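The residues making up each chain are set out below.
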Amino acid sequence: MTAAPSDHAILFTPGPTEVAPEILREMARPVIGHRGLEMQAILADVLPRARRLFGAPEGHEVFITASSATGLWEAAIRNTVERRLLVPVCGAFSERFHEVAVACGVPADRLETAWGRAVDPDAVGERLARGGYDAVALVHNETSTGVANPLPAIAGVVRRHPGVALLVDVVSSVAGMPVEVGRDGIDVALASVQKCLALPPGLALCAVSPRAMERSRARAGKGYYFDFVRLKGFFDRRMPMATPSVSHIFALQAQLRRIDAEGLEARHARHRAMADATRRWTAERCAFFAADGCRSDTVTCVSDERGLDVAAFVKAVARRGYAIGGGYGRLKETTFRIGHMGDHTVAEVTALLAAMDEALGEVRR
Ligand SMILES: *Cc1c(COP(=O)(O)O)cnc(C)c1O
């Protein structure tokens, strides 16, 4: 039986992802005060690197919060939306983005897309043309279905409506697929760090446009912890707002340096190559949940027409030392997901796929 070359289950889950040993060691460094010169120097290095990761120009703010991305969903909505939010829903994460808006007391409409399909830019345009909206909240890469939405095209449609801000969840795309905040006119791009950034979970990042800052200045009732204006007051001085997860910030600095050393384009190409290998495996043995033409380069959602026992398959893969994801939400029993994201190589994906072949032989009758 194949076994992963590791003392622990190697993570190919679509979050959290496998963390490099040298990054884990950063988390074990002695803690420093978060108001001292050392932290200021770290943030002075980290913030421009994070800005480049998002493709955000000078003038956009970058904030780091001690939360996961869910906290920044709330931040994006509470700081920028006053009238009505449009949420294209095409899977479990976009569904939850809408739920967060409702929980924040913001009027929000769902624009339904069949799960497994990408959001249609024209459908977004039609809804916006009816008027009444001041923001769109989009999930770029729907991790539950393995669909990458056509962000540049949707952003182009939103830009034709000058009073409509664009809030984008790039949680499972940034650092694995191109994200261009400046080019696409994205007002808030937000991400947690346990996906393509391959850090331990517990930190989130966002890039915020001048227009979103302007809206935040005018907004009442946006809370305290995630108030963009308050955050800017601290980050302008290279200081975290409240006590951050200092250990995570060490790890973030080290990881952003590794990402810059690899080069973003090379990193994207590596993700595409890992996706291609996974897609070849899937095409020969199972079926894709996501429609052709919109499949993600960071996560593949696999369905099986022969009625595979997904739970048994995931367990059989786990016995070989690899963790893959089961289906998410209502797709739990009918799909499984491979997170080919973060620091993995094509060789490591190939080893995983060999273990998956053995597991399939064991479970399929
Ligand atoms: C994982 C994920 C989230 C949830 O992020 P948390 O860090 O758990 O808050 C949100 N959106 C997408 C697309 C995700 O993949």
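Parameters at a glance
The residue numbers shown here count from 1 along each chain, following its written sequence. In keeping with the predicted nature of the model, local features appear solely for residues at pLDDT of at least 70, side-chain atom pairs appear and are counted solely at 80 or more, and the whole-chain, interface and lining totals rest on all residues. With hydrogens and water set aside, each side-chain value is computed from the structure's full complement of heavy atoms. Each helix is a run of H or I in the DSSP string that is no shorter than four residues. Each strand is a run of E no shorter than two, and both are numbered from the N terminus. Within these notes, the globule rule equals 2.2 Å times the number of residues to the 0.38 power, and the radius of gyration is based on C-alpha atoms. Each residue gets one of three labels from its accessible area relative to the maximum for its type: buried under 20%, exposed over 50%, partly exposed in between, using a 1.4 Å probe on protein chains only. Contact between two residues is taken to exist if any of their heavy atoms lie within 4.5 Å; hydrogens are not considered. Annotation comment: domain bounds sourced from an automatic or database domain assignment. Take the accessible area each of two parts loses on contact, using a 1.4 Å probe, and add the two losses: that sum is the buried area. For salt bridges, the criterion is a side-chain nitrogen of Lys or Arg within 4 Å of an Asp or Glu carboxyl oxygen. Contacts described as polar in this section are N or O atom pairs within 3.5 Å, which, within protein, must combine one atom able to donate a hydrogen with one able to accept it, while residues neighboring in sequence count only if both atoms come from side chains. Residue polarity is assigned by list, with Asp, Glu, Lys and Arg as charged and Ala, Val, Leu, Ile, Met, Phe, Trp, Tyr, Cys and Pro as nonpolar; anything else, Gly included, falls into the polar class. By this definition, two strands are paired if DSSP reports at least two bridges between them. Near residues are defined by distance, with any heavy atom within 4 Å of the molecule or strand qualifying the residue. Note on areas: these come from Shrake-Rupley sampling with a 1.4 Å probe, and a residue is covered only by the protein chains present in the view. The positive count covers Lys and Arg only, the negative count covers Asp and Glu only, and His and the chain ends enter neither. Axes here refer to lines fitted to C-alpha atoms; in helices the fit is confined to the stretch in contact. Angles between the N-to-C directions go from 0 to 180 degrees. Each Phe, Tyr or Trp ring, with Trp reduced to its six-membered ring, pairs with another whose centre is within 6.5 Å; inter-plane angles below 30 degrees give stacked pairs, above 60 give edge-to-face pairs, and intermediate values give tilted ones. Two limits define a charge over a ring: the Lys NZ or Arg CZ must be within 6 Å of the ring centre, and within 35 degrees of the ring normal.

1. Re the overall build of the protein chain
Part 1 of the reasoning: A count of helices and strands for the protein chain gives 13 helices and 14 strands.
Part 2 of the reasoning: Relative to its length of 365 residues, the protein chain is compact, with a C-alpha radius of gyration of 20 Å against a globular reference of 21 Å.
Part 3 of the reasoning: Referenced to the eigenvectors of the C-alpha coordinate spread, the extents of the protein chain come out at roughly 60 × 55 × 35 Å.
Part 4 of the reasoning: Buried residues in the protein chain amount to 59% of all 365 residues.
Part 5 of the reasoning: If you take every contact in the protein chain between residues at least 6 apart in sequence, the share linking residues at least 24 apart comes to 73%.

2. Details of the domain arrangement of the protein chain
Part 1 of the reasoning: Entries for the protein chain in the domain assignment read domain 1 (10-19 + 263-363) and domain 2 (22-261).
Part 2 of the reasoning: Computed from C-alpha coordinates alone, the two centres of domain 1 and domain 2 are separated by 26 Å.
Part 3 of the reasoning: The interface of domain 1 with domain 2 comprises 28 residues on the first partner and 37 residues on the second.
Part 4 of the reasoning: In total, domain 1 and domain 2 occlude about 2,500 Å² of area from one another, counting both sides; carbon and sulfur atoms represent 60% of this.
Part 5 of the reasoning: For the pair domain 1 and domain 2, the number of links is two salt bridges.
Part 6 of the reasoning: The partner of Asp-343 in a salt bridge is Arg-258, and the shortest N-O contact between them spans 2.8 Å.
Part 7 of the reasoning: Counting the contacts that link domain 1 with domain 2 gives 17 residue pairs in polar contact (both at pLDDT 80 or more).
Part 8 of the reasoning: At the level of elements, α11 (264-285) and β12 (299-303) are the ones that each hand at least two residues to the side of domain 1 that touches domain 2.
Part 9 of the reasoning: If one sorts the elements of the side of domain 1 that touches domain 2 by residue count, α11 sits on top with four residues.
Part 10 of the reasoning: Looking at the side of domain 1 that touches domain 2, its residues break down into 13 nonpolar, eight polar and seven charged.

3. Description of the pairing of strand β5 (residues 135-139)
Part 1 of the reasoning: Within β5, five of the five residues are buried, which leaves it mostly tucked inside the rest of the structure.
Part 2 of the reasoning: For β5 and strand β8 (residues 165-169), the ladder comprises five bridges, and the chain directions are parallel. By the bridge assignment for β8, Leu-138 is matched with Val-168.

4. Re the site of the ligand
Part 1 of the reasoning: In the neighbourhood of the ligand, 14 residues make up the surrounding shell, with Ser-68, Thr-70, Thr-143, Asp-169 and Lys-195 lying closest.
Part 2 of the reasoning: One nitrogen or oxygen atom from the side chain of Thr-143 is found 2.5 Å from an oxygen atom belonging to the ligand.
Part 3 of the reasoning: In the environment of the ligand, an oxygen atom lies 2.9 Å from a nitrogen or oxygen atom belonging to the side chain of Gln-194.
Part 4 of the reasoning: Within the complex, 89% of the 390 Å² of free accessible area of the ligand lies under protein.
Part 5 of the reasoning: Broken down by element, the residue count for the shell around the ligand peaks at three residues, all from helix α3 (residues 69-80).
Part 6 of the reasoning: In the shell around the ligand, the residues fall into five nonpolar, seven polar and two charged.

5. Observations regarding the pattern of salt bridges
Part 1 of the reasoning: Applying the stated rule across the entire model yields 32 salt bridges.
Part 2 of the reasoning: Arg-285 is the salt-bridge partner of Asp-357, the closest N and O atoms lying 2.5 Å from each other. Remark: Arg-285 occurs in helix α11 and Asp-357 occurs in helix α13 (residues 346-363); sequence separation between them is 72 residues.
Part 3 of the reasoning: In this structure Asp-357 comes out as partly exposed when scored by relative accessible area, which is 31%.
Part 4 of the reasoning: As a salt-bridge pair, Arg-295 and Asp-292 come within 3.7 Å of each other at their nearest N and O atoms.

6. Details of the side chain of Glu-142
Part 1 of the reasoning: Note on placement: Glu-142 falls in strand β6 (residues 141-142).
Part 2 of the reasoning: It is Arg-337 that comes nearest to the buried, bridge-free Glu-142 among opposite-charge side chains, at 7.1 Å.
Part 3 of the reasoning: Of the polar contacts made by the side chain of Glu-142, one reaches the side chain of Ser-144; its length is 2.7 Å.
Part 4 of the reasoning: Contact partners of Glu-142, with chain neighbours within four places excluded, come to Cys-90, Gly-91, Ala-92, Phe-93, Ser-94 and Val-147.

7. Let's talk about the sheet that holds β8
Within a sheet, adjacent strands bond to each other through the backbone by hydrogen bonds, running parallel or antiparallel.
Part 1 of the reasoning: Taken in spatial order, the seven strands of this open sheet run β2-β10-β9-β8-β5-β3-β4, and their pairing is mixed. The outermost strands of the open sheet, each flanked by one partner alone, are β2 (61-65) and β4 (108-112). Sheet twist, expressed as the mean angle between neighbouring strand axes with direction ignored, is 20°.
Part 2 of the reasoning: Here two bridges tie strand β3 (residues 85-89) to β5, and the two strands are oriented parallel to one another. Bridge assignment links Leu-86 to a residue of β5, and that residue is Val-136.

8. Here's the deal with the sheet that holds strand β14 (residues 335-339)
Part 1 of the reasoning: Taken in spatial order, the five strands of this open sheet run β1-β13-β14-β12-β11, and their pairing is mixed. The strands lining the two open edges of the sheet, one partner per strand, are β1 (10-12) and β11 (287-288).
Part 2 of the reasoning: The sheet contact formed by β12 and β14 spans five bridges and is antiparallel. Bridging from a neighbouring strand, Val-302 pairs with Phe-336 of β14.
Part 3 of the reasoning: Packed on one face of the sheet, α13 meets β1, β13 (322-326) and β14 and runs near 75° to β13.

9. Points about the packing of aromatic side chains
Both the distance between ring centres and the angle between the ring planes are used here to describe each pair of aromatic rings.
Part 1 of the reasoning: Enumeration according to the criterion identifies seven aromatic pairs in this entry.
Part 2 of the reasoning: Each ring, one from Phe-12 and one from Tyr-322, has its centre 6.0 Å from the other, and the planes form 55°; the classification is tilted. Of this pair, Phe-12 sits in strand β1 while Tyr-322 sits in strand β13; the two residues are 310 residues apart in sequence, bridging distant segments of the chain.
Part 3 of the reasoning: Judged by centre distance (5.2 Å) and plane angle (80°), the rings of Tyr-225 and Phe-226 are edge-to-face.
Part 4 of the reasoning: By way of ring pairs, the aromatic residues Phe-63, Phe-228 and Phe-235 are connected into one cluster.
Part 5 of the reasoning: Positioned above the aromatic ring of Phe-250 is the side chain of Arg-29, whose terminal nitrogen or guanidinium carbon lies 3.9 Å from the ring centre.
Part 6 of the reasoning: The positively charged end of Lys-195 is found above the aromatic ring belonging to Phe-93, 5.3 Å away from the centroid.

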